[in-house]
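Residue strings, one per chain:
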Amino acid sequence: MATDTLMLAPVRPLRVYPGMKIAQIMFFGSTGAVDLYRGKYQDATGPQASQYWRELLEAGTS
């Protein structure tokens, strides 16, 4: 079972309401070698809290 993660990173204040359409997903066939995902959400089950803050800490941004 696959879990899709959507991260919103607005550049100004944003309100999201129930039923509001906020995303579009496109799928493409791949050709050539494929590198499997090995990121911070690997082996996660169910909804996950954002781990984006870890990337900011590693980059030295606050």
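Provided above is the structure to which this section pertains.
Residues numbered from 1 in each chain as written. Predicted model: local features only at pLDDT ≥ 70, side-chain atom pairs only at ≥ 80, totals over all residues. Heavy atoms only, no water.

Enquirer: Quick question: what am I supposed to make of the overall build of the chain here?
Expert: Assigned secondary structure in the chain consists of 1 helix and 0 strands. Expected size for 62 residues packed as a compact globule is a radius of gyration near 11 Å; at 15 Å, the chain overshoots this value by more than 25%. Judged by the C-alpha coordinates and their principal axes, the chain covers about 40 × 35 × 25 Å. Of the roughly 6600 Å² that the chain leaves accessible, carbon and sulfur atoms contribute 56%. Each charge class in the chain can be summarised by its mean position, and for the 6 positive and 5 negative side chains these summaries are 13 Å apart. (Helix = DSSP H or I, 4+ residues; strand = E, 2+ residues; numbered from the N terminus. Rg over C-alpha atoms; globule rule 2.2 N^0.38 Å. Areas by Shrake-Rupley, 256 points an atom, 1.4 Å probe, with all protein chains shown as cover. Lys, Arg positive; Asp, Glu negative; His and termini not counted. Charge placed at Lys NZ, Arg CZ, Asp CG, Glu CD.)

Enquirer: Just checking my understanding: could you explain a nonpolar patch on the surface for this structure?
Expert: Taken together, the side chains of Leu6, Leu8, Leu14, Val16, Tyr17, Met20 and Ile22 define a hydrophobic patch exposed on the protein surface, amounting to about 650 Å² of accessible area. In this fold, isoleucine 22 is placed in the segment before helix H1 (52–59). A relative accessible area of 38% means that isoleucine 22 is categorised as partly exposed. (Patch = residues over 30% accessible without salt bridge, like charges linked within 9 Å, V, L, I, M, F, W, Y side chains within 5 Å. Salt bridge = Lys/Arg side-chain N within 4 Å of Asp/Glu carboxyl O. Buried < 20%, exposed > 50% of the residue type's maximum accessible area, 1.4 Å probe, protein only.)

Enquirer: Teacher, can you tell me more about unusual backbone geometry here?
Expert: In most cases, non-glycine residues show a negative phi, while peptide bonds are predominantly trans. Even without being a glycine, aspartate 43 presents a positive backbone phi close to 65 degrees. Mapped onto the secondary structure, aspartate 43 falls in the segment before H1.

Enquirer: Got a minute to help me understand the side chain of glutamine 51 in this structure?
Expert: Looking at where glutamine 51 falls in the secondary structure, it is placed in the segment before H1. What glutamine 51 contacts, discounting residues up to four positions off in sequence, is Lys40 and Tyr41. (Contact = heavy atoms within 4.5 Å.)

Enquirer: Would you mind going over the environment of proline 47 with me for this structure?
Expert: Along the chain, proline 47 turns up in the segment before H1. Since its relative accessible area comes to 84%, proline 47 is described here as exposed.

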